[in-house]
Amino acid sequence: MAEKKRKFDAEFREGAVRIVSDSGRPAAEVARELGINETTLATWVSRARKAAGDGTLGTSEREELLRLRRRDTEQAKRIEELELERDALKRCMVLWVN
């Protein structure tokens with residue numbers, strides 16, 4: 001006899017997806033612990049990632065994202081260097097004016 005289809009509320013679905021995404025554990029493992037079908041949870045996770053925009057980046061977009069992150073890091077280092085130089089020049093000006 002076929003099993004009766006169970007309904008899960010939105011809060012339960014969101015919690016299950018959060019467990020998978022936050023813990024990094026496989027959806028199958030989390031589904032077994034929660035007592036739900038593995039493919040059901042995998043579907044919820046997939047839908048949540050699509051809604052959030054995860055997993056939709058192509059190879060070129062990933063490369064661009066990495067390039068921009070590297071550039072951001074380099075710029076942050078350069079800003080820090082310039083701030084140190086500015087502070088040193090300020091101290092020199094104080095000594096020179098006095």
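An account of the accompanying structure is given in this report. The structure displayed is predicted, hence computed values, not measured ones. (Residues numbered from 1 in each chain as written. Predicted model: local features only at pLDDT ≥ 70, side-chain atom pairs only at ≥ 80, totals over all residues. Heavy atoms only, no water.)

A look at the pattern of salt bridges
Any two side chains of opposite charge can pair, on the condition that their charged atoms come close. On inspection of all chains with the given rule, the structure shows six salt bridges. The shortest N-O distance in the salt bridge between Arg-67 and Glu-64 comes to 2.7 Å. With Arg-67 and Glu-64 both in helix α4 (residues 59-97) and three residues apart, the pair spans about one turn of that helix. By relative accessible area, which is 36% here, Arg-67 ends up partly exposed. Between Arg-86 and Asp-87 there is a salt bridge; the shortest N-O distance is 3.1 Å. Residue class for Arg-86 comes out partly exposed when judged on its relative accessible area of 41%. Members of the salt-bridge network, linked through shared partners, are Arg-25, Glu-29 and Glu-33. (Salt bridge = Lys/Arg side-chain N within 4 Å of Asp/Glu carboxyl O. Helix = DSSP H or I, 4+ residues; strand = E, 2+ residues; numbered from the N terminus. Buried < 20%, exposed > 50% of the residue type's maximum accessible area, 1.4 Å probe, protein only.)

Thoughts on the nonpolar core
With ten residues, the main nonpolar core is built from Ala-16, Val-17, Val-20, Ala-27, Val-30, Ala-31, Ile-36, Leu-41, Trp-44 and Val-45. Of all the elements in the fold, those that place two or more residues in this core are α1 (10-23), α2 (27-34) and α3 (38-52). Those residues in contact with Leu-41 that lie beyond four places of it in its chain are Ala-16, Val-17, Val-20, Ala-27, Val-30, Ala-31 and Ile-36. (Core = buried A, V, L, I, M, F, W, Y, C linked by side-chain atoms within 4.5 Å. Contact = heavy atoms within 4.5 Å.)

Brief notes about the environment of Arg-32
Looking at the secondary structure, you find Arg-32 in helix α2. A polar contact is formed between the side chain of Arg-32 and the side chain of Glu-38, at a distance of 3.1 Å. (Polar contact = N/O pair within 3.5 Å; in protein donor to acceptor, adjacent residues only side chain to side chain.)

Comments concerning the packing of aromatic side chains
Taken as a whole, this structure holds three aromatic pairs when the rule is applied. Centroid distance Phe-8 to Phe-12: 5.1 Å. Interplanar angle 15°. Geometry classified as stacked. Taking the relative accessible area as the measure of exposure, Phe-12 reaches 29% and is therefore partly exposed. An angle of 90° between the planes, with centres 6.2 Å apart, marks the rings of Phe-12 and Trp-44 as edge-to-face. In this pair, Phe-12 sits in helix α1 while Trp-44 sits in helix α3, placing the two residues 32 residues apart along the sequence. Its relative accessible area of 12% is what places Trp-44 among the buried residues. Members of the aromatic cluster, joined through ring pairs, are Phe-8, Phe-12 and Trp-44. (Phe/Tyr/Trp six-rings, centres within 6.5 Å; stacked < 30°, edge-to-face > 60°.)

Focus: α2
Within the span of α2, buried status applies to Ala-27, Val-30 and Ala-31. Down the axis, α2 shows its buried residues gathered within 100° of arc, on one side only. Facing away from the buried side of α2 by more than 90 degrees, the exposed set consists of Arg-32 and Glu-33. Buried residues belonging to α2 abut α1 and α3. (Arc of directions from axis to C-beta.)

Observations regarding the environment of Glu-33
Counting through the fold element by element, Glu-33 comes out in helix α2. Judged by its relative accessible area of 55%, Glu-33 is exposed. Sequence separation between Glu-33 and Trp-96 is 63 residues, and the spatial gap between their C-alpha atoms is 71 Å.

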